[in-house]
Each structure stands twice: as structure tokens, then as C-alpha cells.
Amino acid sequence: MAELHSLQDLATEAPTETAEPAAPVHVQKLDAQGRAYATGKRKDAIARVWISPGAGRIIVNDKDFTDYFARPVLQMVVQQPIVAAGRNGQYDVKATVSGGGLSGQAGALRHGISRALTFYEPELRPILKKGGFLTRDARVVERKKYGKRKARRSFQFSKR
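Given the structure is predicted, the values throughout are model-derived calculations rather than measurements.

Draft legend 1. Layout of the side chain of glutamine 75. Relative to the elements of secondary structure, glutamine 75 occurs in helix α3 (residues 72-85). Within the structure, the side chain of glutamine 75 is placed 3.4 Å from the backbone oxygen of threonine 66, a separation counted as a polar contact. If near-sequence neighbours (up to four positions away) are discounted, glutamine 75 is found in contact with Phe65, Thr66, Phe69 and Ala70.

Draft legend 2. Layout of the pattern of salt bridges. Taken as a whole and assessed by the stated rule, the structure comprises eight salt bridges. Arginine 42 is the partner of aspartate 137 in a salt bridge, and the nearest nitrogen-oxygen pair spans 3.5 Å. Residue aspartate 137 is found in the segment after α5 (125-130), and its partner arginine 42 is found in strand β1 (residues 36-42); the two are separated by 95 residues along the sequence. Aspartate 137 gets classed as partly exposed once you look at its relative accessible area, which sits at 25%. For arginine 42, a relative accessible area of 15% translates into the label buried. Three or more residues are tied together by salt bridges with common partners; here these are Arg42, Asp137 and Arg139.

The rules we used
Residues numbered from 1 in each chain as written. Predicted model: local features only at pLDDT ≥ 70, side-chain atom pairs only at ≥ 80, totals over all residues. Heavy atoms only, no water. Helix = DSSP H or I, 4+ residues; strand = E, 2+ residues; numbered from the N terminus. Polar contact = N/O pair within 3.5 Å; in protein donor to acceptor, adjacent residues only side chain to side chain. Contact = heavy atoms within 4.5 Å. Salt bridge = Lys/Arg side-chain N within 4 Å of Asp/Glu carboxyl O. Buried < 20%, exposed > 50% of the residue type's maximum accessible area, 1.4 Å probe, protein only.

Now the structure itself:
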């Protein structure tokens with residue numbers, strides 16, 4: 001015969017343990033050459049980034065980044081995560097970028113450098129996350145609609 005439990009009996013039983021999801025533990029991720037690799041994206045641009053300890057050189061598509069990104073604003077954008085982390089002159093960055101324009105490529109490189117820094121030094125993650133460098137900027141060009149001249153621009157109205 002099955003026993004009937006009262007509410008009081010059920011309340012006195014030990015509560016079952018609920019497993020709370022633990023916070024993810026970020027560990028160092030390096031390749032065989034001791035480099036950290038990450039991919040950064042912005043608009044249509046994609047940057048593949050390798051970071052290794054060095055003198056602070058940034059090489060983009062086999063050129064110095066000051067030659068590749070001629071505008072000072074783009075050079076500043078590329079260096080933002082390194083400066084925010086306080087790691088000036090400590091890491092060499094080698095990157096290949098493709099797609100999009102120079103502004104998108106600079107944003108993709110910034111995203112890739114930030115992610116690679118967190119793979120090399122996981123303790124930098126809170127600083128870079130607070131600065132917004134680890135978030136992929138999702139803004140992309142809106143597609144053209146039929147019956148429109150561009151995405152939203154209508155054809156010019158003619159009364160006659």
C-alpha cells in the first residue's frame with residue numbers, strides 16, 4: 001500500500017539541490033607558436049588577428065598599420081583596446097583584413113585585437129568589456145527595397 005505524505009512531511013524533507021549555472025571560466029588560449037588568435041568583424045569587414053609578446057608593432061596585410069590606415073582617427077581606433085588595457089609596446093599584432101572599407105576594417109581590427117587580448121590575458125576581459133570593445137557592432141547597411149530608389153529613398157514625385 002502506498003504511503004500518503006502530508007504537507008508537513010513534504011516540507012521537512014531535505015530540499016533537492018538545484019544546480020545553478022556557474023560563471024564561465026576564461027582561460028588562456030594559445031596556439032603552438034604561443035600566439036593568441038581571434039576574429040573581429042564590423043560591417044562587411046573581417047579581420048583575422050594574431051597577438052604575441054613583442055615590441056608593440058602592428059602589421060596589417062604585411063604593411064605597418066600607419067601606412068595601411070592613413071587617417072589618424074583610424075589609427076586611434078585600432079590602438080584603443082591596447083591603450084585601454086595599458087599594454088602599449090608589449091604585444092606584436094599581425095592581422096589580415098578583407099572586405100568592406102577602411103573604416104569597417106579598422107573597426108573589425110579593433111574587435112579582433114580586443115578578443116585576442118582576452119584570449120592571451122583573460123584578466124583583461126572586464127576592462128575591455130566595460131569599454132565596449134568585445135561587443136560586435138551589429139549595424140550593417142540596410143538592403144534596397146523594391147519600389148524605392150535606395151533602402152528608404154523614394155523616386156521623385158512628378159505631378160505632371
